[in-house]
Amino acid sequence: MYCTRNVTNDLIWVGGDDRRLAMFEGVYSVPDGVSYNSYLLSDEKTVLFDTVDKAVDAVFFENVTHALDGRKLDYLVVHHMEPDHSATLGGILLRYPDVTVVCNKKTEGMIYQFFGADLQMKVQIVKEGDVLETGAHKLTFLMAPMVHWPEVMVTYDVTDGILFSADAFGTFGALNGALFADEVDFFADYLKESRRYYTNIVGKYGAQVQALLKKAAAVEIRMICPLHGFVWRRDIGDYVAKYQQWSRYEPEVDGVMIAYASVYGNTENAANILACRLRDRGIRTTVFDVSVTASSEIVAAAFAYSHLVFASTTYNAGIFITMDELLRDLASHNLQNRTVAFIENGSWAATSAKQMREIIGGLKNINVLEESVSLKSALRTDQGEEIDRLADALAGSVQTRRRMESTN
């Protein structure tokens, strides 16, 4: 039995929800599931925009059959070849052998990589600015390389002002019957998962996202249809503004994120004391145990907060395992424009701060505070002043940033 929803009078969502997936891409937890979006346009010619992950193939094929309502499928537009959007491409070709696959040259090569050189298909290669007329609708194609694979492109429907945005503007979470972002309280209930999706999936490629946003700004966008998450038809500017901020690596929160790695609780204690001292100074804080909280959550928080503190015990003469993994994850996501401080612990040789600095200090526009705290096993009573100096330095930096923002 089909499960579809109308996006417009002649555009139908034919995707599916997956609530059984535990780890998206084998890395990112998705406790609320994920949606795989595909859309069918019924014009003089029919156009299917992308396919879906194999996890929802049965409902997808039923949805496409229902939406076509006996018509043949003329075109399949492939925006992105990652298997969560292309695993069922072969099934579409088997069911609709006369369909023309519309893609760019890089995508064509990837199709053969995934499905074999002997794959039989009709292909129409498109380039930047090419137009496909389907009757009442005029579709034009914009290349979006490295958002977040090199072959990615997006489609702009000139007629209805719809941007089919590939992985851009997506979010984690099943749709649960809702299709449009205005059917839920998105900014209250889903923005966190949207930020986690962006920072972890696309976050490394801020410059490339900026390039796509510049192209998108040249056209009137009345609706955004992403490959994951909700369709946008209202408050589009508010959501695009978030993408502008994230892709410029600009903090959303003037405050301090503290992430700590602690074995027996002493490093944790120092982190908690620092958080209390910062709150005493009117500074917003959030605190994470890196051995408990998934890295994707902390990466998202690091993109949100202006100031970051990393506190780690020294372990095998290095950084504690989970902290080392987090820092390298942040570095691989190209985090920029942050103020950072360190707390280290070591019962006989505290070396973790120096090594943490080497990983984070090499990132672009990272201001490392001179103030730091070094523990030997546990925080001594007389080290309260060190904590206060670090809190003062962080608070002063946050307040300076606030003043600068208020005058701009």
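Everything here concerns the structure above.
Summarised in this report is the structure supplied together with it. (Residues numbered from 1 in each chain as written. Predicted model: local features only at pLDDT ≥ 70, side-chain atom pairs only at ≥ 80, totals over all residues. Heavy atoms only, no water.)

**Some remarks on the state of the cysteines**
Enumeration over the complete set of coordinates arrives at 0 disulfides. Free cysteine: cysteine 3, not disulfide-bonded; nearest cysteine sulfur from cysteine 225 at 16 Å. Relative accessible area serves as the criterion here: at 45%, cysteine 3 is assigned to the partly exposed category. A relative accessible area of 1% places cysteine 225 in the buried class. (Disulfide = S-S within 2.5 Å. Buried < 20%, exposed > 50% of the residue type's maximum accessible area, 1.4 Å probe, protein only.)

**As for unusual backbone geometry**
Here the residue pair valine 147 and histidine 148 is connected by a cis peptide bond, since its omega of 5 degrees sits within 30 degrees of zero. In this fold, histidine 148 is placed in the loop between strand 13 (138-143) and strand 14 (153-157). A positive phi is found at aspartate 69, a non-glycine position, where the angle reads about 50 degrees. Tracing the backbone through its elements, the reader meets aspartate 69 in the loop between helix 1 (57-68) and strand 9 (75-77). (Helix = DSSP H or I, 4+ residues; strand = E, 2+ residues; numbered from the N terminus.)

**Looking at the layout of surface pockets**
By volume, the largest pocket amounts to about 330 Å³. What lines the largest pocket is a set of 17 residues, among which Thr313, Thr314, Gly346, Ser347 and Trp348 lie closest to the centre. Residue assignment for the lining of the largest pocket shows that the elements contributing at least two residues are helix 9 (266-280) and strand 19 (305-315). Looking at the lining of the largest pocket element by element, the count peaks at 3 residues for strand 19. Size it by volume and the second largest pocket reaches roughly 240 Å³. Lys192, Arg195, Ala301, Ala304 and Tyr305 are the residues nearest the centre of the second largest pocket, which is lined by 13 residues in total. When contributions to the lining of the second largest pocket are tallied by element, the ones reaching two or more residues are helix 6 (191-202), strand 18 (284-289) and helix 10 (295-304). A breakdown of the residues in the lining of the second largest pocket according to their chemical character gives 6 nonpolar, 1 polar and 6 charged. (1 Å grid on protein atoms, 1.4 Å probe; cavity = no way out; pocket = protein on both sides within 12 Å on 5 of 7 lines; lining within 4 Å. Points joined across faces, edges and corners; volume = space filled by probe spheres on them. Nonpolar A, V, L, I, M, F, W, Y, C, P; charged D, E, K, R; others polar.)

**Regarding helix 6**
With 12 residues, helix 6 ought to run about 16 Å at 1.5 Å a step, and its terminal C-alpha atoms sit 15 Å apart, in line with that. Where burial is concerned, most of helix 6 is hidden: 11 out of the 12 residues are buried. Among the structural elements, strand 4 (23-24), strand 5 (28-29), helix 5 (186-189), helix 7 (206-216), helix 8 (236-247) and helix 10 are those in contact with the buried residues of helix 6. (Expected span 1.5 Å × (residues − 1). Contact = heavy atoms within 4.5 Å.)

**A word on the nonpolar core**
Val7 and Tyr243 are the most contacted members of the largest nonpolar core, which totals 85 residues. Excluding anything up to four places from it in sequence, tyrosine 243 contacts Asp167, Ala168, Phe169, Gly170, Tyr197, Tyr198, Val209 and Leu213. In terms of nonpolar packing, the next biggest core, distinct from the first, is built from 31 residues, Val299, Leu327, Val340 and Phe342 among them. (Core = buried A, V, L, I, M, F, W, Y, C linked by side-chain atoms within 4.5 Å.)

**Points about the side chain of aspartate 18**
Tracing the sequence through the fold places aspartate 18 in strand 3 (residues 16-18). Buried aspartate 18, no salt bridge; nearest opposite-charge side chain is arginine 20, N-O distance 6.7 Å. (Lys, Arg positive; Asp, Glu negative; His and termini not counted. Salt bridge = Lys/Arg side-chain N within 4 Å of Asp/Glu carboxyl O.)

**With respect to the sheet that holds strand 14**
Strand order in the open sheet made by the 5 strands is 12-13-14-15-16, with mixed pairing throughout. Each of the sheet's edge strands pairs with one partner strand only, and the pair in question is strand 12 (131-133) and strand 16 (223-225). The mean angle between the axes of side-by-side strands here comes to 20 degrees, regardless of whether they run parallel or antiparallel. Relative to strand 16, strand 15 (residues 162-164) runs parallel, the two being bridged by 3 bridges. Residue pairing for strand 16: phenylalanine 164 is matched across the bridge by cysteine 225. (Pairing = 2+ DSSP bridges. Axes fitted to C-alpha atoms, helices over the stretch in contact; angles between N-to-C directions.)

**Things to note about the pattern of salt bridges**
Applying the stated criterion across every chain yields a total of 23 salt bridges. Of the charged contacts in the structure, one is a salt bridge between aspartate 254 and arginine 401, with a shortest N-O distance of 2.5 Å. Residue aspartate 254 is found in strand 17 (residues 253-261), and its partner arginine 401 is found in helix 13 (residues 384-407); the two are separated by 147 residues along the sequence. On the basis of relative accessible area, aspartate 254 is assigned to the buried category, the value being 17%. Several salt bridges converge on common partners, so that one network encompasses Arg277, Arg281, Asp388 and Asp392.

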